[in-house]
Amino acid sequence: MTTDTPASPLLSLRGVGMSFGATRALDDIHADFAPGEIVGLLGHNGAGKSTLLNLISGIAQATEGSVRFGGEEIGRGLTPAAALLAGITVIHQDPALIPGLSVLDNLTLGLPGRAAGKELRERASAALARVGLDVPLDLTVGALAIGERQMLELARGLMNSRTRLLLLDEPTAALGHAETVALHALVRDLAAQGATVVYVSHRLPDVVEICSRILVLRGGALVMDEPLAGLTAEAIARALAPDSDDVDHTPATPGEVALATERFTVRRGEVVGLYGMAAGEQFAALDAITAGGPSAATVELDGKPVRLKGPADAIGHRVYAVPADREVDGLLADMSAKDNVIVPWLSKLGARGWWTSRSTGAREYAHAREQFAVHGPDGVTPISSFSGGNRQKHLLARWLSVETPRVLLLQQPTQGVDVGAKRDITRVVRQLAADGTAVVVASAEGDEIALTCDRAYVLHDGRSVAVARSASFGADLLETLLDMADAPSAPDPATLVPSDSEIHPL
C-alpha cells in the first residue's frame, strides 16, 4: 500500500466550507490527517460529519477552501470514481449494496483495475475472510442480515487495493460485539500498513477504544482537534454538548406516576428522556412496552400492572408510540396527508357518528395543521410531497388529533428536521405534558434530550442511571454514558438511582 512520508499529511483541509443555499453545513475547517493515523470524528446529527466525508470522497464539492490529498489539490471536480482510483474508500452507514445481485457481484461492481474471473473470486473470498464474513459468493445479498451487509460493505472497501484513506461512517451501528472486535482489529492492521482512517461513530466507547485523535464538529464548525491521550470524558462531553443554560426550558409540574417500568418512571405533566448509544437500549425499552409478544414488558399504568398485547392494546389504553423511522414504521407514503393523521381513528370516529360527512375529517386535520404549524400543500396531497419536518409533524399529529394520550412514547422525534420544525415539535410536546400527559423521549442525541426533557435516564449495558436537569444537562448525559461504558458491567444497584426509587420495582 502506498503511503506518504510521516512528515507530510496524507489529507489536508484548509478553510473548507460548504453551503446549501442559506444553510451553512461546514464552516472554515482546518485539519490534517497523517498516514497510519486513526482519527475519530464526532458530532451530533446535523453537525456536518457526513457532509465532510462526502466532499472528501467526491460526492459533494466544497464551496470554499482547499482539500489536498497526497500533496495534490482534489477539492475541485473530484468524482466518487476518481476518489476511488486515487485511493479514497468510503464505507457508508447504510450499505450501498444491490440486494438483487450476488455477494460477488456487489464486491466487484465498479472495482478499479481489471482482473480475471478466478482472480476476482479469490480476492473476494480473501476480503470476506478478512472481515470474518462466512457467506457464499453466489448468495443474493438480499438474503443477508443487516450486520452481514455492513461487513460486506467493508469487505468491498478492502477489494480496492489502492486504498490509502478509509472513511468509516458509523461502521459498528449494526454490528455485535464480536463483529466490532474484528472490525477494530482490521482497522488497526490497515493503519499499521500506512492507511489513514477517519472513524465516524455515535458509539463513543468504540471511538475511544480505536482512535488516537478526536475531532468534534458542532454546527458545521470544528470545535475540538486533540490527541485522545489526556482527554477526559468531561472534555469530550463539553465539546459535543456545551452548557445548555441558553435553552428556554420551563420546569415541569409533575403529578402522579403514570408509567413505571423496571428501568424508568414518568409522571403526568413531565417529559422524561431515555438516552444511550445509537441503536441502543433506550429504544428497545420503549418497544418492549407496546410491541406485545413474548418479549413484552410488564409495566404499571397509573399504579396497575399491565402487559400490553400489542399496538392495538396500547392504543386502547391510550399509550401511543411514535417510531424512530417515520418512513418505514410510521407514515403511509401513498396515502394523503389528512388520512395519515386520521387513519387510526376511522372506526372510533364512525362509532361516534362523526364520519357522516367529509367535513369532520377535514376539521380534525385542519386543527392538527394549526397546532403543529404545518407548512406545505393541502391535506389531499400525498404525505410524501411534504418536507421531512412536516412529515414528522403529521406523524405526531396522528396521536394528538382525536384522543389525548395518557402516555406518549417518542423515539427521536426531532431528528432529521430543521430548526423551525424542532421548535414547533418541542412546543407541542411540552404543552401536551403541561396538560397532563406523561411523555417519554428516547434518543441517542444529548441535545435532543436537553431541548425537550425535564430529566432523563441513561441506559447502557442493562443499567439505568438517573440524570437531573441542569445548566449542563446535555453534557451531563454524555459524560454519564461515557462513565457507564468504562464501568464494570455488574454495578452496585444502590449507585444507580436516587433513594426515592426513580426506577420503579414491579
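Residues numbered from 1 in each chain as written. Predicted model: local features only at pLDDT ≥ 70, side-chain atom pairs only at ≥ 80, totals over all residues. Heavy atoms only, no water.

Remarks on the pattern of salt bridges
Tallied over the full model, the rule gives 16 salt bridges. Residue glutamate 153 is joined to arginine 156 by a salt bridge in which the shortest nitrogen-to-oxygen separation is 3.0 Å. Remark: arginine 156 and glutamate 153 occur in helix α5 (residues 146-158); sequence separation between them is three residues, near one turn of the helix. Classification of arginine 156 by relative accessible area gives buried; the value is 19%. For glutamate 270, the salt bridge is made with arginine 455, and the minimal N-O distance between the two is 2.9 Å. Here glutamate 270 is found in the loop between β12 (265-267) and β13 (271-275), whereas its partner arginine 455 is found in strand β19 (residues 455-460), with 185 residues between them in sequence. The burial state of glutamate 270 is the same as that of arginine 455; both residues are buried. Among the charged side chains, a salt-bridge network with shared partners connects Arg24, Asp27 and Glu64. (Salt bridge = Lys/Arg side-chain N within 4 Å of Asp/Glu carboxyl O. Helix = DSSP H or I, 4+ residues; strand = E, 2+ residues; numbered from the N terminus. Buried < 20%, exposed > 50% of the residue type's maximum accessible area, 1.4 Å probe, protein only.)

A look at the packing of aromatic side chains
Applying the stated criterion across every chain, the model contains two aromatic pairs. On the numbers, 6.3 Å between centres and 55 degrees between planes, the contact of phenylalanine 264 with tyrosine 457 is tilted. Residue phenylalanine 264 is located in the loop between β11 (257-260) and β12, and its partner tyrosine 457 is located in strand β19; the two are separated by 193 residues in the primary sequence. Relative accessible area serves as the criterion here: at 0%, tyrosine 457 is assigned to the buried category. The ring of phenylalanine 33 has arginine 213 lying over it, and the distance from NZ or CZ to the ring centre is 5.4 Å. (Phe/Tyr/Trp six-rings, centres within 6.5 Å; stacked < 30°, edge-to-face > 60°. Lys NZ or Arg CZ within 6 Å of the ring centre and 35° of its normal.)

Re the packing of helix α4 (residues 117-131) against α5
Where α4 meets α5, the axes come as close as 9 Å, and the angle between the chain directions of the two elements is 125 degrees. By the angle between their directions, the pair α4 and α5 is classed as oblique. As α4 runs across α5, the sense of the crossing is right-handed. From α4, Ala127, Leu128, Arg130 and Val131 reach across to α5, where they touch Met151, Leu152, Leu154, Ala155 and Leu158. (Axes fitted to C-alpha atoms, helices over the stretch in contact; angles between N-to-C directions. Parallel < 35°, antiparallel > 145°, perpendicular 65-115°, else oblique. Left-handed = near helix turned anticlockwise from the far one by under 90°. Contact = heavy atoms within 4.5 Å.)

What about the sheet that holds strand β16 (residues 319-322)?
Strand order in the open sheet formed by six strands is β16-β17-β18-β13-β19-β20, with mixed pairing between adjacent strands. A single partner strand is all that each edge strand has here, and the edge strands are β16 and β20 (463-468). Neighbouring strand axes in the sheet, compared pairwise and without regard to direction, differ in orientation by 20 degrees on average. By the bridge criterion, six bridges tie β19 to β20 in an arrangement that is antiparallel. The partner of arginine 455 across the bridge, within β20, is alanine 468. Of the strands in this sheet, β13, β16, β17 (407-411), β18 (438-443), β19 and β20 touch helix α9 (residues 281-290), which is tilted by about 140 degrees from β17. Against the sheet, helix α18 (residues 473-486) touches β13, β19 and β20, its axis set at about 25 degrees to β19. (Pairing = 2+ DSSP bridges.)

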